[in-house]
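Spelled out from the first residue to the last, the chains are:
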Amino acid sequence: MEKKKVAIILQDSNWEGGNNYFFNLIDSSKRLKNSKIHLIILTDRKSKLTKYSKINIKIIRSSIFSRRHPLYWLRFLLSSLGIRDYILYYFLKKNNINVLSHITSRNCLWSNCSIKSLGWVSDFQHLHFPKFFTKKNIRFRNGNIIKLIKNSSGIIVSSKSSGKDLDTFFNEKRKKKKFILNFSSALEIKNRILTKRELISKYSLNNCWFHLPNQFWKHKNQITAIKAFHKIGNKINLVLTGVLDDSDQLNTYRNLKKYIKKNKIINVKILKNLPREDALAIMHHSIAVINTSLFEGWSSTVVEATALKKKMILSRIDVHLEQKQKHTRYFSPLSHEQLKNIVLKMYKNQKRQSCKFKNLQIKNEEIKLKFAQKFQKIIYSL
């Protein structure tokens, strides 16, 4: 049987969670023995997509995906007028693409198109926390989802919780297949990770710490953890890591730094834009991993902490409950007092890390292959 050619449109992006998601999806699928799909990346002529030089994948470049090219804006204009995107269609036909996966409304085909397409909705945060969005942004997000539902062959969401949101908010408009694809973590590191002693020296860390890895968006709610550790006092330390990739995150980051400075908090350290292997090393050597988020589509923090067999302290939200693992404690998302008490208890009962990073990588490979198998099954169910 000939493999189905499945294309994903990607461009250079500062969205770390998205970058890791797509790299892991493609890398996992490439490693799958007897794979029935042939993955291809479609991109513009300038995106470097440096990460993908590590794996053997075909990349097709075209100006129709470049915001600086007239063809892109012609496609955008025709789409906004409700006219079918035959420019994209004939480009896909020319390259023998059978399925276009993880599309947004900018790259829609149409419902009865001979080329199948899978829409992807990462989360429905704007409907649960509209205060974090402008009215224009909310309208755009809703319009994007409705267009995907109308024009794609199926919709991918990352969790049962997101699936419920899709049913609750868009059920009348949804007649397409819904697929839940929980993503896994990529622990592949080219070089060895730093030892605890090396981390302490490189980043001026104290001897032991809790780790909160998240980008600096408002809904990540790092302030609750900072308040908790402020109350705990200087004997227990918190390390926050994350990538800054837009002005909203920069404002949140600055506000967190101001709060720390104003309250003279010395047991909280924020490290931004670290190499991935160093961020994973900080997680690996931590007492436990904390996630204070008010909302998640599917928490990559929990996925990575699970792969590293870490204890976790998570905000009590639907997705975190869905991702429940052994040795996990929950707290009310806005209660720094609850978080403080859990941290104190976990610190008191801490045990030395027993699993070597190399062994964890091997175990995680099995999880990644299941991720790839499920994606392949979705492709063949369209």
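As the structure is a computational prediction, the values presented were derived from the model and not from experiment.

A. Quick look at the overall build of the protein. Looking only at helices and strands, the protein features 14 helices and 13 strands. Relative to a compact globule of 382 residues, whose C-alpha radius of gyration would be 21 Å, the protein shows 22 Å and is just as compact. Along the longest, intermediate and shortest principal axes, the C-alpha atoms of the protein span 65 × 45 × 35 Å. Going through the 382 residues of the protein one by one, you find that 53% of them count as buried.

B. Quick look at the pattern of salt bridges. If you walk through the whole model with that rule in mind, you get 10 salt bridges. In this structure, Lys-178 engages Asp-167 in a salt bridge whose closest nitrogen and oxygen atoms are separated by 2.9 Å. Of this pair, Lys-178 sits in strand β7 (residues 177-180) while Asp-167 sits in helix α6 (residues 160-170), and the two are 11 residues apart along the sequence. Classification of Lys-178 by relative accessible area gives partly exposed; the value is 29%. Across the pair Lys-340 and Glu-337 runs a salt bridge whose closest N-O atoms are separated by 2.9 Å. Placement of the pair is Lys-340 and Glu-337 together in helix α13 (residues 336-348), with a separation of three residues, close to one helical turn. By relative accessible area, which is 31% here, Glu-337 ends up partly exposed. Each of the salt bridges in this network shares a partner with another, and the network as a whole consists of Asp-27, Arg-31 and Lys-368.

C. Representation of the nonpolar core in the model. In this structure, Leu-10, Tyr-21, Ile-26, Leu-39, Tyr-52 and Phe-375 are the most contacted members of the largest nonpolar core, which totals 29 residues. Where this core is concerned, the elements lending two or more residues are β1 (4-9), α1 (16-31), β2 (37-43), β5 (116-120) and α14 (357-380). The leading source of residues in this core is α1, at five residues. Among residues more than four places away in sequence, those in contact with Leu-10 are Phe-22, Ile-26, Ile-41, Leu-42, Thr-43, Leu-49 and Tyr-52.

D. Here's a closer look at a positive patch on the surface. Together, Lys-160, Lys-164, Lys-374 and Lys-377 line one region of the surface with positive charge. Counting through the fold element by element, Lys-164 comes out in helix α6. For Lys-164, a relative accessible area of 58% puts it in the exposed group.

E. Fine view of unusual backbone geometry. Here Leu-49, not a glycine, exhibits a phi torsion of approximately 45°, which is positive. Take Leu-49: it is sitting in the loop between β2 and β3 (58-61). Positive phi outside glycine occurs at Asn-221, with the angle close to 60°. When you line up the elements, Asn-221 lands in the loop between β8 (209-213) and α8 (222-232).

F. Representation of helix α3 (residues 86-94). Within the sequence span of α3, burial applies to Leu-88, Tyr-89, Phe-91 and Leu-92. Along the axis of α3, the buried residues cluster in a sector spanning 165°; they form a single face. Exposed residues on α3 whose side chains face more than 90 degrees from its buried face are Tyr-90 and Lys-94. Of the surrounding elements, those touching the buried residues of α3 are β2, β3, α2 (70-80) and β4 (99-103). Positioned one or two residues after α3, Asn-96 has a phi angle of 55°, which is positive.

G. Summary view of helix α11 (residues 300-307). The buried count for α11 comes to six of eight residues, which makes it a mostly enclosed element. Here α11 has its buried residues at Thr-301, Val-302, Val-303, Glu-304, Ala-305 and Ala-307. Residue Lys-309 follows α11 closely and has a positive phi angle near 55°.

H. Highlighting the sheet that holds β1. Taken together, the seven strands give an open sheet; going across it, the order is β3-β2-β1-β4-β5-β6-β7, and neighbouring strands pair in parallel fashion. Here the strands that pair on one side only, and so sit at the sheet edges, are β3 and β7. Adjacent strand axes in the sheet meet at a mean angle of 25° when their direction is disregarded. Here strand β6 (residues 154-157) runs beside β7; their pairing, made up of four bridges, is parallel. Across the sheet, the residue bridging to Gly-154 is Lys-177, located in β7.

I. View of the side chain of Ser-47. The topology assignment puts Ser-47 in the loop between β2 and β3. A distance of 3.1 Å separates a polar side-chain atom of Ser-47 from the backbone nitrogen of Asp-12. Ser-47 has contacts with Gln-11, Asp-12 and Arg-61, leaving out every residue within four places of it along the chain.

J. How the structure looks around the packing of aromatic side chains. Under the definition given, this model contains 19 aromatic pairs. Taken together, the aromatic side chains of Tyr-21, Phe-22, Trp-120, Phe-183 and Phe-371 make up a single cluster linked through ring pairs. If you follow Lys-196 out to its NZ or CZ, it ends over the ring of Trp-209, 5.7 Å from the centre.

K. Up close: the pairing of β8. Counting buried residues along β8, five of its five residues qualify, which places the element largely inside the surrounding structure. Going residue by residue along β8, you find Trp-209, His-211 and Pro-213 tucked away on one face and Phe-210 and Leu-212 tucked away on the opposite face as well. Sheet topology note: the β8/strand β9 (residues 237-242) ladder contains five bridges and is parallel. Note on β9: the bridge partner recorded for Pro-213 is Thr-241.

Rules behind the numbers
Residues numbered from 1 in each chain as written. Predicted model: local features only at pLDDT ≥ 70, side-chain atom pairs only at ≥ 80, totals over all residues. Heavy atoms only, no water. Helix = DSSP H or I, 4+ residues; strand = E, 2+ residues; numbered from the N terminus. Rg over C-alpha atoms; globule rule 2.2 N^0.38 Å. Buried < 20%, exposed > 50% of the residue type's maximum accessible area, 1.4 Å probe, protein only. Salt bridge = Lys/Arg side-chain N within 4 Å of Asp/Glu carboxyl O. Core = buried A, V, L, I, M, F, W, Y, C linked by side-chain atoms within 4.5 Å. Contact = heavy atoms within 4.5 Å. Patch = residues over 30% accessible without salt bridge, like charges linked within 9 Å, V, L, I, M, F, W, Y side chains within 5 Å. Areas by Shrake-Rupley, 256 points an atom, 1.4 Å probe, with all protein chains shown as cover. Lys, Arg positive; Asp, Glu negative; His and termini not counted. Charge placed at Lys NZ, Arg CZ, Asp CG, Glu CD. Arc of directions from axis to C-beta. Pairing = 2+ DSSP bridges. Axes fitted to C-alpha atoms, helices over the stretch in contact; angles between N-to-C directions. Polar contact = N/O pair within 3.5 Å; in protein donor to acceptor, adjacent residues only side chain to side chain. Phe/Tyr/Trp six-rings, centres within 6.5 Å; stacked < 30°, edge-to-face > 60°. Lys NZ or Arg CZ within 6 Å of the ring centre and 35° of its normal.

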